[in-house]
Amino acid sequence: MVDRLAELRRRLPPQARLLAVSKGHPAERLRVAAALGQRSFGESRLQEAIPKQEALADLPDLDWHFIGRLQANKARGVLRHFSTIHSVDSLELAERLARIAAEEGLQPAIFLQVKLRPDPGKTGLSVEQLRAIWPRVQALPALRPVGLMTIAPLDLALELRGGLFAECAALAAELGLGELSMGMSGDWPEAVAAGSTWVRIGSGLFGPKGCQR
Ligand SMILES: *Cc1c(COP(=O)(O)O)cnc(C)c1O
(Lines give C-alpha, C1' and ligand atoms only; values in the text may rest on other atoms or scores of the structure.)
Protein backbone atom coordinates (compact mmCIF):
# COMPACT_ATOMS: atom_id res chain seq x y z
CA MET A 1 0.00 0.00 0.00
CA VAL A 2 2.87 2.34 0.78
CA ASP A 3 4.14 2.14 -2.80
CA ARG A 4 0.69 2.39 -4.36
CA LEU A 5 -0.15 5.45 -2.30
CA ALA A 6 3.16 7.10 -3.15
CA GLU A 7 2.63 6.45 -6.84
CA LEU A 8 -0.92 7.80 -6.79
CA ARG A 9 0.29 10.94 -5.04
CA ARG A 10 3.02 11.38 -7.59
CA ARG A 11 0.63 10.98 -10.52
CA LEU A 12 -2.46 12.85 -9.30
CA PRO A 13 -2.54 16.55 -10.15
CA PRO A 14 -3.25 18.91 -7.26
CA GLN A 15 -6.93 19.44 -8.12
CA ALA A 16 -7.65 15.69 -7.98
CA ARG A 17 -8.02 14.53 -4.41
CA LEU A 18 -7.78 10.91 -3.45
CA LEU A 19 -10.77 9.25 -1.82
CA ALA A 20 -9.44 5.99 -0.41
CA VAL A 21 -12.29 3.52 -0.94
CA SER A 22 -11.91 1.25 2.04
CA LYS A 23 -15.00 -0.95 1.73
CA GLY A 24 -14.06 -4.55 2.29
CA HIS A 25 -10.86 -3.64 4.09
CA PRO A 26 -10.43 -3.81 7.87
CA ALA A 27 -9.88 -0.76 10.05
CA GLU A 28 -6.22 -1.62 10.56
CA ARG A 29 -5.58 -1.14 6.84
CA LEU A 30 -7.19 2.30 7.01
CA ARG A 31 -5.01 3.08 10.00
CA VAL A 32 -1.92 2.35 7.91
CA ALA A 33 -3.17 4.69 5.17
CA ALA A 34 -3.98 7.34 7.77
CA ALA A 35 -0.48 7.06 9.23
CA LEU A 36 0.79 7.82 5.72
CA GLY A 37 -1.30 10.98 5.67
CA GLN A 38 -4.49 9.80 3.96
CA ARG A 39 -7.51 11.56 5.47
CA SER A 40 -10.52 10.94 3.21
CA PHE A 41 -12.08 7.49 3.16
CA GLY A 42 -15.01 6.20 1.13
CA GLU A 43 -17.39 3.52 2.35
CA SER A 44 -20.49 2.14 0.67
CA ARG A 45 -22.32 0.44 3.54
CA LEU A 46 -23.32 2.12 6.77
CA GLN A 47 -23.23 -1.12 8.80
CA GLU A 48 -19.68 -1.78 7.66
CA ALA A 49 -18.48 1.79 8.17
CA ILE A 50 -19.70 2.37 11.73
CA PRO A 51 -17.49 -0.22 13.46
CA LYS A 52 -14.49 0.97 11.45
CA GLN A 53 -15.14 4.57 12.39
CA GLU A 54 -15.39 3.48 16.02
CA ALA A 55 -12.13 1.54 15.77
CA LEU A 56 -10.43 4.65 14.37
CA ALA A 57 -12.07 7.17 16.69
CA ASP A 58 -8.67 8.07 18.13
CA LEU A 59 -7.86 9.63 14.73
CA PRO A 60 -10.17 12.64 14.95
CA ASP A 61 -9.43 14.32 11.64
CA LEU A 62 -10.59 11.58 9.28
CA ASP A 63 -13.07 12.65 6.62
CA TRP A 64 -15.71 10.05 5.73
CA HIS A 65 -17.51 9.97 2.40
CA PHE A 66 -20.51 7.75 1.64
CA ILE A 67 -20.37 6.35 -1.90
CA GLY A 68 -22.91 3.52 -1.91
CA ARG A 69 -26.54 3.25 -2.80
CA LEU A 70 -28.43 5.02 -0.07
CA GLN A 71 -31.65 3.46 1.15
CA ALA A 72 -34.15 5.89 2.61
CA ASN A 73 -34.13 4.21 6.02
CA LYS A 74 -30.36 4.70 6.29
CA ALA A 75 -30.43 8.43 5.58
CA ARG A 76 -30.16 9.57 9.19
CA GLY A 77 -27.34 7.16 10.00
CA VAL A 78 -25.43 8.15 6.91
CA LEU A 79 -25.82 11.83 7.75
CA ARG A 80 -24.55 11.25 11.27
CA HIS A 81 -21.53 9.27 10.13
CA PHE A 82 -20.42 10.95 6.90
CA SER A 83 -19.51 14.52 5.96
CA THR A 84 -20.05 13.99 2.25
CA ILE A 85 -22.48 11.86 0.24
CA HIS A 86 -21.53 10.99 -3.36
CA SER A 87 -24.63 9.02 -4.27
CA VAL A 88 -27.70 11.27 -4.21
CA ASP A 89 -29.75 9.89 -7.07
CA SER A 90 -33.25 11.34 -6.68
CA LEU A 91 -35.07 14.47 -5.60
CA GLU A 92 -36.93 12.40 -3.03
CA LEU A 93 -33.65 11.34 -1.41
CA ALA A 94 -32.28 14.90 -1.52
CA GLU A 95 -35.44 16.16 0.19
CA ARG A 96 -35.24 13.50 2.86
CA LEU A 97 -31.55 14.25 3.47
CA ALA A 98 -32.28 17.98 3.67
CA ARG A 99 -35.05 17.47 6.19
CA ILE A 100 -32.99 15.19 8.43
CA ALA A 101 -29.85 17.31 8.09
CA ALA A 102 -31.81 20.33 9.28
CA GLU A 103 -33.13 18.34 12.26
CA GLU A 104 -29.62 17.20 13.11
CA GLY A 105 -28.03 20.61 12.57
CA LEU A 106 -25.81 19.25 9.80
CA GLN A 107 -24.76 20.70 6.44
CA PRO A 108 -23.54 17.77 4.39
CA ALA A 109 -21.81 18.17 1.05
CA ILE A 110 -23.61 16.16 -1.60
CA PHE A 111 -22.84 14.97 -5.09
CA LEU A 112 -25.68 14.18 -7.46
CA GLN A 113 -25.05 10.83 -9.11
CA VAL A 114 -25.64 10.84 -12.85
CA LYS A 115 -25.89 7.93 -15.23
CA LEU A 116 -24.83 9.01 -18.70
CA ARG A 117 -24.88 5.57 -20.35
CA PRO A 118 -27.31 2.66 -19.94
CA ASP A 119 -26.07 0.57 -17.03
CA PRO A 120 -28.57 -1.87 -15.52
CA GLY A 121 -26.44 -2.49 -12.44
CA LYS A 122 -26.09 1.15 -11.44
CA THR A 123 -28.31 3.93 -10.23
CA GLY A 124 -28.13 7.57 -11.27
CA LEU A 125 -30.08 10.48 -12.69
CA SER A 126 -30.40 10.93 -16.43
CA VAL A 127 -29.36 14.32 -17.83
CA GLU A 128 -33.03 15.22 -18.25
CA GLN A 129 -33.89 14.23 -14.70
CA LEU A 130 -30.91 16.12 -13.35
CA ARG A 131 -31.84 19.33 -15.20
CA ALA A 132 -35.44 18.96 -14.05
CA ILE A 133 -34.70 18.54 -10.34
CA TRP A 134 -31.71 20.88 -10.09
CA PRO A 135 -33.64 24.08 -9.21
CA ARG A 136 -35.44 22.23 -6.42
CA VAL A 137 -32.25 20.66 -5.09
CA GLN A 138 -30.58 24.07 -5.03
CA ALA A 139 -33.48 25.45 -3.05
CA LEU A 140 -33.18 22.84 -0.29
CA PRO A 141 -31.83 24.24 2.93
CA ALA A 142 -29.12 22.34 4.81
CA LEU A 143 -27.67 20.50 1.81
CA ARG A 144 -24.58 21.78 0.08
CA PRO A 145 -24.64 20.43 -3.49
CA VAL A 146 -20.99 20.54 -4.52
CA GLY A 147 -20.72 18.41 -7.62
CA LEU A 148 -21.64 15.49 -9.83
CA MET A 149 -20.62 11.87 -9.42
CA THR A 150 -20.61 9.25 -12.12
CA ILE A 151 -19.52 5.65 -12.57
CA ALA A 152 -18.52 4.33 -15.99
CA PRO A 153 -20.33 1.10 -16.92
CA LEU A 154 -18.10 -1.90 -16.31
CA ASP A 155 -18.24 -2.93 -19.96
CA LEU A 156 -17.51 0.52 -21.41
CA ALA A 157 -14.15 0.45 -23.23
CA LEU A 158 -11.45 2.53 -21.62
CA GLU A 159 -11.04 4.66 -24.75
CA LEU A 160 -14.71 5.67 -24.50
CA ARG A 161 -14.52 6.67 -20.86
CA GLY A 162 -12.77 9.98 -21.45
CA GLY A 163 -15.79 11.11 -23.48
CA LEU A 164 -18.18 10.04 -20.74
CA PHE A 165 -16.20 11.90 -18.09
CA ALA A 166 -15.98 15.00 -20.30
CA GLU A 167 -19.79 14.97 -20.65
CA CYS A 168 -20.14 14.82 -16.89
CA ALA A 169 -17.69 17.71 -16.51
CA ALA A 170 -19.63 19.81 -19.05
CA LEU A 171 -22.88 19.10 -17.22
CA ALA A 172 -21.38 20.14 -13.87
CA ALA A 173 -20.08 23.35 -15.44
CA GLU A 174 -23.53 24.07 -16.88
CA LEU A 175 -25.02 23.81 -13.39
CA GLY A 176 -22.22 25.79 -11.80
CA LEU A 177 -20.95 22.81 -9.77
CA GLY A 178 -17.21 22.75 -9.13
CA GLU A 179 -16.58 19.22 -7.94
CA LEU A 180 -16.46 16.02 -9.98
CA SER A 181 -16.35 12.59 -8.34
CA MET A 182 -15.16 10.47 -11.24
CA GLY A 183 -12.64 7.73 -11.79
CA MET A 184 -11.86 4.48 -10.00
CA SER A 185 -8.81 2.19 -9.98
CA GLY A 186 -9.22 1.21 -13.63
CA ASP A 187 -10.02 4.57 -15.17
CA TRP A 188 -8.84 7.37 -12.91
CA PRO A 189 -6.28 8.76 -15.40
CA GLU A 190 -9.10 9.24 -17.94
CA ALA A 191 -11.25 10.90 -15.29
CA VAL A 192 -8.46 13.19 -14.14
CA ALA A 193 -7.78 14.21 -17.73
CA ALA A 194 -11.44 15.26 -17.94
CA GLY A 195 -11.20 17.33 -14.76
CA SER A 196 -12.07 14.98 -11.89
CA THR A 197 -11.58 16.55 -8.47
CA TRP A 198 -12.19 13.34 -6.47
CA VAL A 199 -10.93 9.97 -7.65
CA ARG A 200 -12.44 7.05 -5.73
CA ILE A 201 -9.79 4.37 -5.54
CA GLY A 202 -10.14 1.06 -3.73
CA SER A 203 -8.20 -1.89 -5.12
CA GLY A 204 -5.62 0.39 -6.72
CA LEU A 205 -4.67 1.56 -3.26
CA PHE A 206 -5.49 -1.21 -0.81
CA GLY A 207 -4.97 -4.09 -3.24
CA PRO A 208 -7.60 -6.74 -3.85
CA LYS A 209 -9.91 -7.40 -0.91
CA GLY A 210 -8.23 -9.58 1.68
CA CYS A 211 -4.78 -8.40 0.60
CA GLN A 212 -2.57 -7.37 3.52
CA ARG A 213 0.00 -5.38 1.59
C1 LIG B 1 -15.92 0.20 -4.79
C2 LIG B 1 -16.14 1.52 -5.41
C3 LIG B 1 -15.05 2.26 -5.91
C4 LIG B 1 -13.62 1.76 -5.92
O5 LIG B 1 -13.46 0.76 -6.88
P6 LIG B 1 -12.00 0.22 -7.27
O7 LIG B 1 -12.18 -0.32 -8.62
O8 LIG B 1 -11.67 -0.82 -6.24
O9 LIG B 1 -11.07 1.37 -7.23
C10 LIG B 1 -15.32 3.53 -6.41
N11 LIG B 1 -16.57 4.03 -6.44
C12 LIG B 1 -17.63 3.34 -5.98
C13 LIG B 1 -18.98 3.96 -6.05
C14 LIG B 1 -17.44 2.08 -5.46
O15 LIG B 1 -18.50 1.39 -5.01
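Residues numbered from 1 in each chain as written. Predicted model: local features only at pLDDT ≥ 70, side-chain atom pairs only at ≥ 80, totals over all residues. Heavy atoms only, no water.

Trainee: Can you tell me about the environment of arginine 96, naming the residues and giving the values?
Mentor: Mapped onto the elements of the fold, arginine 96 is located in helix 5 (residues 91-104). It is 9.9 Å that separates the C-alpha atoms of arginine 96 and asparagine 73, two residues lying 23 residues apart in sequence. Setting aside its immediate chain neighbours within four residues, arginine 96 contacts Ala72 and Ala75. (Helix = DSSP H or I, 4+ residues; strand = E, 2+ residues; numbered from the N terminus. Contact = heavy atoms within 4.5 Å.)

Trainee: Describe the packing of aromatic side chains, with residues and values.
Mentor: Throughout the structure, instances matching the rule amount to two aromatic pairs. Ring centres of phenylalanine 66 and phenylalanine 82 lie 5.2 Å apart, and the angle between their planes is 75°; on these two criteria the pair is classed as edge-to-face. One end of the pair, phenylalanine 66, is in strand 3 (residues 63-66); the other, phenylalanine 82, is in the loop between helix 4 (75-81) and strand 4 (84-88), and 16 residues separate them in sequence. Taken individually, phenylalanine 66 and phenylalanine 82 each receive the classification buried, so the pair is uniform in this respect. (Phe/Tyr/Trp six-rings, centres within 6.5 Å; stacked < 30°, edge-to-face > 60°. Buried < 20%, exposed > 50% of the residue type's maximum accessible area, 1.4 Å probe, protein only.)

Trainee: Any details on the packing of helix 6 (residues 127-138) against helix 7 (residues 158-175)? Residues and values, ideally.
Mentor: Helix 7 packs onto helix 6 with a crossing angle of 15° between their chain directions and a minimal axis gap of 12 Å. One finds that helix 6 runs roughly parallel with respect to helix 7. Once helix 6 is placed against helix 7, the crossing between them reads as right-handed. Between helix 6 and helix 7, the contacting residues are Val127, Leu130, Arg131 and Trp134 on the first element and Leu171, Glu174 and Leu175 on the second. Counted by class, the contact of helix 6 with helix 7 contains five nonpolar, no polar and two charged residues. (Axes fitted to C-alpha atoms, helices over the stretch in contact; angles between N-to-C directions. Parallel < 35°, antiparallel > 145°, perpendicular 65-115°, else oblique. Left-handed = near helix turned anticlockwise from the far one by under 90°. Nonpolar A, V, L, I, M, F, W, Y, C, P; charged D, E, K, R; others polar.)

Trainee: A description of the packing of helix 5 against helix 6 should follow, citing residues and the corresponding values.
Mentor: Between helix 5 and helix 6, the shortest axis-to-axis distance is 10 Å and the interhelical angle comes to 10°. With respect to their mutual orientation, helix 5 and helix 6 come out roughly parallel. Taking contact as the criterion, the partners of Leu91, Ala94 and Glu95 in helix 5 are, on helix 6, Ile133, Arg136 and Val137. A breakdown of the residues in the contact of helix 5 with helix 6 according to their chemical character gives four nonpolar, no polar and two charged.

Trainee: Report on the pattern of salt bridges, specifying residues and quantitative values.
Mentor: Per the counting criterion, the structure on display carries 15 salt bridges. Glutamate 7 is the partner of arginine 11 in a salt bridge, and the nearest nitrogen-oxygen pair spans 3.2 Å. Pair noted here: arginine 11 and glutamate 7 are both in helix 1 (residues 2-11), with a separation of four residues, about one helical turn. Between arginine 31 and aspartate 58 there is a salt bridge, with its nearest N and O atoms 2.9 Å apart. Taken together, the residues span a long stretch of sequence, with arginine 31 in helix 2 (residues 27-35) and aspartate 58 in the loop between helix 3 (46-55) and strand 3 at a distance of 27 residues. A network of salt bridges, in which partner residues are shared, links Glu43, Arg45, Glu48 and Lys52. (Salt bridge = Lys/Arg side-chain N within 4 Å of Asp/Glu carboxyl O.)

Trainee: Account for unusual backbone geometry, with residues named and values stated.
Mentor: Its identity as a non-glycine residue notwithstanding, alanine 142 has a phi of 80°, on the positive side. For alanine 142, the location among the structural elements is in the loop between helix 6 and strand 6 (144-150). Its relative accessible area of 14% is what places alanine 142 among the buried residues.

Trainee: A description of the nonpolar core should follow, citing residues and the corresponding values.
Mentor: Counting 65 residues, the largest nonpolar core has Phe41, Ile85, Leu97, Leu112 and Leu148 as its most contacted members. Residues in contact with leucine 112, not counting those within four places in the same chain, are Val88, Leu125, Leu130, Trp134, Val137, Gly147, Leu148 and Met149. The next biggest cluster of nonpolar side chains, apart from the first, holds seven residues, and it includes Ile67, Phe111, Met149 and Trp198. (Core = buried A, V, L, I, M, F, W, Y, C linked by side-chain atoms within 4.5 Å.)

Trainee: Break down the site of the ligand for me, with residues and values.
Mentor: Around the ligand sit Val21, Lys23, Ile67, Ile151, Met184, Ser185, Arg200, Ile201, Gly202 and Ser203, and that is every residue in its neighbourhood. A distance of 2.8 Å separates an oxygen atom of the ligand from a polar atom in the backbone of glycine 202. Within the contact set of the ligand, an oxygen atom lies 2.8 Å away from a backbone nitrogen or oxygen of serine 203. In isolation the ligand has 390 Å² of accessible area, and contact with the protein removes 81% of it. (Near = heavy atom within 4 Å. Polar contact = N/O pair within 3.5 Å; in protein donor to acceptor, adjacent residues only side chain to side chain. Areas by Shrake-Rupley, 256 points an atom, 1.4 Å probe, with all protein chains shown as cover.)

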